[in-house]
Amino acid sequence: MEEKLTITAISGWAIPESWFAKQIKEAFPGSNVNVVYPKNPDNEQEAQNILSRFPAQLYLGYSLGSLWLLKYQDSLPSDCHKAILAPILSFLNTEPFGGKTSKIQLKYLIKILSNESSKTNVLRDFFFNADLPYPESQIEEIPERNTLIKGLKFLENNTVKGKDTNDFLSIIGENDTFLDAGVLRHHIPHLEIVKNAGHSPTPLLKQLAKRILI
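The shown structure was predicted, so the numbers you read here are calculated from the model rather than taken from an experiment.

What counts, and where the lines are drawn
Counting from 1, residues in each chain are numbered in the order their sequence is written. For this predicted model, a pLDDT threshold of at least 70 governs which residues receive local features, and a threshold of 80 or more governs which side-chain atom pairs are given and counted, while totals over whole chains, interfaces and linings are taken from all residues. Remark: hydrogens and water are excluded; side-chain values derive from all non-hydrogen atoms of the structure. The classification of residues rests on relative accessible area computed with a 1.4 Å probe and restricted to protein chains. Under 20% of the type maximum is buried, over 50% is exposed, and intermediate values are partly exposed. Working definition: helices are DSSP H or I runs of at least four residues, strands are E runs of at least two. Numbering for both runs from the N terminus. Strand pairing follows a simple DSSP-based rule, namely that at least 2 bridges must link the two strands. Orient the strands so they point away from the viewer, and a crossover whose first-strand-to-second-strand path over the helix runs clockwise is right-handed. We call two residues in contact whenever any of their non-hydrogen atoms come within 4.5 Å of each other. Salt bridge criterion: a side-chain nitrogen from Lys or Arg within 4 Å of a carboxyl oxygen from Asp or Glu.

### Some thoughts on the pairing of strand E3 (residues 58–62)
Here's step 1: Most of E3 is tucked away, with five of its five residues classed as buried.
Here's step 2: Of the two faces of E3, the one lined by Leu58, Leu60 and Tyr62 and the one lined by Tyr59 and Gly61 are each fully buried.
Here's step 3: With four bridges connecting them, strand E1 (residues 6–10) and E3 associate as parallel partners. Residue pairing across strands places Thr8 opposite Tyr59, the latter belonging to E3.
Here's step 4: Once you follow E3 into helix H3 (residues 64–71) and on to strand E4 (residues 81–85), the crossover reads as right-handed.

Here you go:
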């Protein structure tokens, strides 16, 4: 495959689009990158509009974006390449699919995000152990709180099966804060686990580039 790719990437929850795009471009030099942050991830029409607006050779979903891409994969072209990083089958631990977050924790986050005067404080607490290195100054690029809440509700209410990942390159860090890599490997036998990596997309993108840029 040629190294120059057109990439459409579906962002993770509360990730600055410009920062995520920079990480992708560093892993895939010379690529054409479109990063999309779904405003209403449960809306199928919005998903179809996004995928038709940003055609690509490689579709990439990270964290929340992985669940989104798995949910709407029937709208992807048949001849594209597909990858998911920090793949979510179920974000919550109520299903045995690798999620570590309890429903109580998620509902509490929704509550304080609804009431907290500064979303910066909420996000700092949420990502404290998530190994996400983007500068705090870029928090202002993150969508407004209603969009963030819709994203959390999407994570709360949606699950997929391991078999839904069959056509996707799937990569996770062994020390992911939100996902149990060992449990996920049981459901996704082809899952690649990156040693000493956490939830940050940066090392996962580097591993993906090794698989794509050949």
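### Here we look at the side chain of Thr147
Here's step 1: Mapping Thr147 onto the fold places it in helix H6 (residues 145–157).
Here's step 2: Thr147 gets classed as buried once you look at its relative accessible area, which sits at 6%.
Here's step 3: Excluding residues within four positions of it along the chain, Thr147 makes contact with Tyr37, Pro38 and Lys39.

### What about the pattern of salt bridges?
Here's step 1: Here the structure, examined in full by the defined rule, presents four salt bridges.
Here's step 2: Among the ionic pairs, Asp42 bridges to Lys71, the shortest N-O distance being 3.0 Å. One end of the pair, Asp42, is in the loop between strand E2 (32–36) and helix H2 (44–53); the other, Lys71, is in helix H3, with 29 residues separating them in the sequence.
Here's step 3: The class of Asp42 is partly exposed, set by a relative accessible area of 35%.
Here's step 4: We note a salt bridge from Arg211 to Glu192, for which the minimum N-O separation is 2.8 Å. Taken as a pair, Arg211 in helix H8 (residues 201–212) and Glu192 in strand E6 (residues 192–194) lie far apart in primary sequence, 19 residues in all.
Here's step 5: Residue classification places Arg211 among the partly exposed residues on the basis of a relative accessible area of 36%.
Here's step 6: With relative accessibility at 17%, the residue Glu192 sits in the buried group.

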